[in-house]
Amino acid sequence: MNTTSRSRPRAILRIHFHPAERTEELYGQLLAVVDGISSRVEPLPGDWSAYVDLTGALTYWGRDAEGLVSVLRLRLLALHGVPCSAGAGPTRSIAAMAADATPPGAATVVRDDPYEIAAFLRTKPASALPGIGPKTAKTLARYGITSVGDIADTQPLTLQRILGTNAARLAHDRAHGIDERPVVPGAAPRTMSASHRFERDELDTERHHRAVLGLVQDLGRRLRTSGEIAQVLTLTVTYADRTQTTRTRTLTEPTAHTPALATAARELLTGLGLQRARVRSLAVRAERLRPAEDTVQQLTLDARDDKLRGLETALDKAANRYGPGVAGAASAYPRARQGDRYAGGLRRPRARSA
């Protein structure tokens, strides 16, 4: 157990937001509410959560962790109608474990007390400890180590033989409530999104794919225009009953190249198996954006890829001149009626009246 003396109890919060619909603007507004309680906020937009260091705020607000978390949850609900689940504890790992074990609309607080920390940790399965994935948990189980308490009671040298030096040290420390990682304040990483709402709830999977491709083309063009690249792509599907499914994928390398984005988006959509789903809207979000000059494009002997990048530049110029949607992959547009012509993914802009 971590018995290091502190001048005041440490309180780290992991909070998950559960809005009906997710937008970049709303996430920023929710973070602003959290910032009104404590300025030490570390955004985690990928799963709509954040870490918050409440240690200094406890004294400022004159409340304990339970009271301050209640105030924060009430503000989020009153100002934005967004319920949340929250877990708080003296370390990041305990806060994360408490949050994972808490349903929406509730909170779990583990006070900075050795006995309370031990009572919370020891009965949890080994897989609940941050850093212990399913594969590692199975490996530990073969040695009879199935709970966090078992990890805490196992000699460090034994854990090293099973997990390796670094993993064993981290697991042993966290099983004893030791985790000195700080909350790192910062603005939410920049994201860029595009969405499509069908005129009526759509069952046709071909139309789903066509809509997603159109969204990716729009995102790719906007990324290249702004000189940015994306590291993560997220697809959100909203169904007829307003429920949502969200899937996220980290790209092999950061990019603004439409074919690479389209491949990731297509795999995300295919993986959902929407053959009989009534889809109301689709949204694609590019996340963890950074300047394009910060990356190095891998060398390739594929002349076709170079041609595609050159074509992208031409299509971007056409879109900037005539407006978004004027050019792109033919598969992103509705099937051509008899007499309509699409060439190379380009469609002729409508003549403007004088």
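Residues numbered from 1 in each chain as written. Predicted model: local features only at pLDDT ≥ 70, side-chain atom pairs only at ≥ 80, totals over all residues. Heavy atoms only, no water.

J.: So what exactly am I meant to see when it comes to the packing of aromatic side chains here?
T.: Here a ring pair, both rings aromatic, is described through the centre-centre distance and the interplanar angle of the planes. Overall, the coordinates contain three aromatic pairs when judged by the stated rule. Arranged with centres 6.1 Å apart and planes meeting at 75°, the rings of Phe17 and Tyr27 form a pair that is edge-to-face. Taken together, the residues Phe17 in strand β1 (residues 12–17) and Tyr27 in helix α1 (residues 24–35) connect sequence positions ten residues apart. When its relative accessible area of 1% is taken as the criterion, Phe17 is described as buried. Exposure remark for Tyr27: the relative accessible area of 5% places this residue in the buried category. Linked through ring pairs, Phe17, Tyr27 and Trp48 together constitute an aromatic cluster. Above the plane of the ring of Tyr51 lies Arg14, whose end atom (NZ or CZ) is 4.7 Å from the centre. (Phe/Tyr/Trp six-rings, centres within 6.5 Å; stacked < 30°, edge-to-face > 60°. Helix = DSSP H or I, 4+ residues; strand = E, 2+ residues; numbered from the N terminus. Buried < 20%, exposed > 50% of the residue type's maximum accessible area, 1.4 Å probe, protein only. Lys NZ or Arg CZ within 6 Å of the ring centre and 35° of its normal.)

J.: Is there a simple way to think about the environment of Ser127 in this case?
T.: Within the element layout of this structure, Ser127 appears in the loop between α5 (114–122) and α6 (134–141). Separated by eleven residues in sequence, Ser127 and Lys138 have C-alpha atoms that sit 8.8 Å apart. Apart from the residues lying within four places of it in its own chain, the contact partners of Ser127 are Ile132 and Ala137. (Contact = heavy atoms within 4.5 Å.)

J.: Help me understand the sheet that holds strand β5 (residues 107–109), please; the structure alone is not making it clear to me.
T.: An order of β2-β3-β1-β4-β5 is seen for the five strands of this open sheet, with the pairing classed as mixed. Edge strands, defined here as strands with exactly one partner in the open sheet, are β2 (41–44) and β5. Sheet twist, expressed as the average angle between the axes of neighbouring strands with direction ignored, equals 10°. Packing against the sheet, helix α3 (residues 65–80) makes contact with β1, β4 (84–89) and β5, and its axis sits at approximately 25° to β1. (Pairing = 2+ DSSP bridges. Axes fitted to C-alpha atoms, helices over the stretch in contact; angles between N-to-C directions.)

J.: Which parts of the structure should I look at to understand helix α9 (residues 165–175)?
T.: Side chains three or four residues apart in an α-helix point the same way, a direct result of the helix having 3.6 residues per turn. Considered for burial, the residues of α9 that qualify are Ala168, Ala171, His172, Arg174 and Ala175. Considering only its buried residues, α9 is in contact with α4 (92–100), α5, α7 (148–153) and α8 (156–163). Gly177 sits one or two positions beyond α9 and adopts a positive phi of about 80°.

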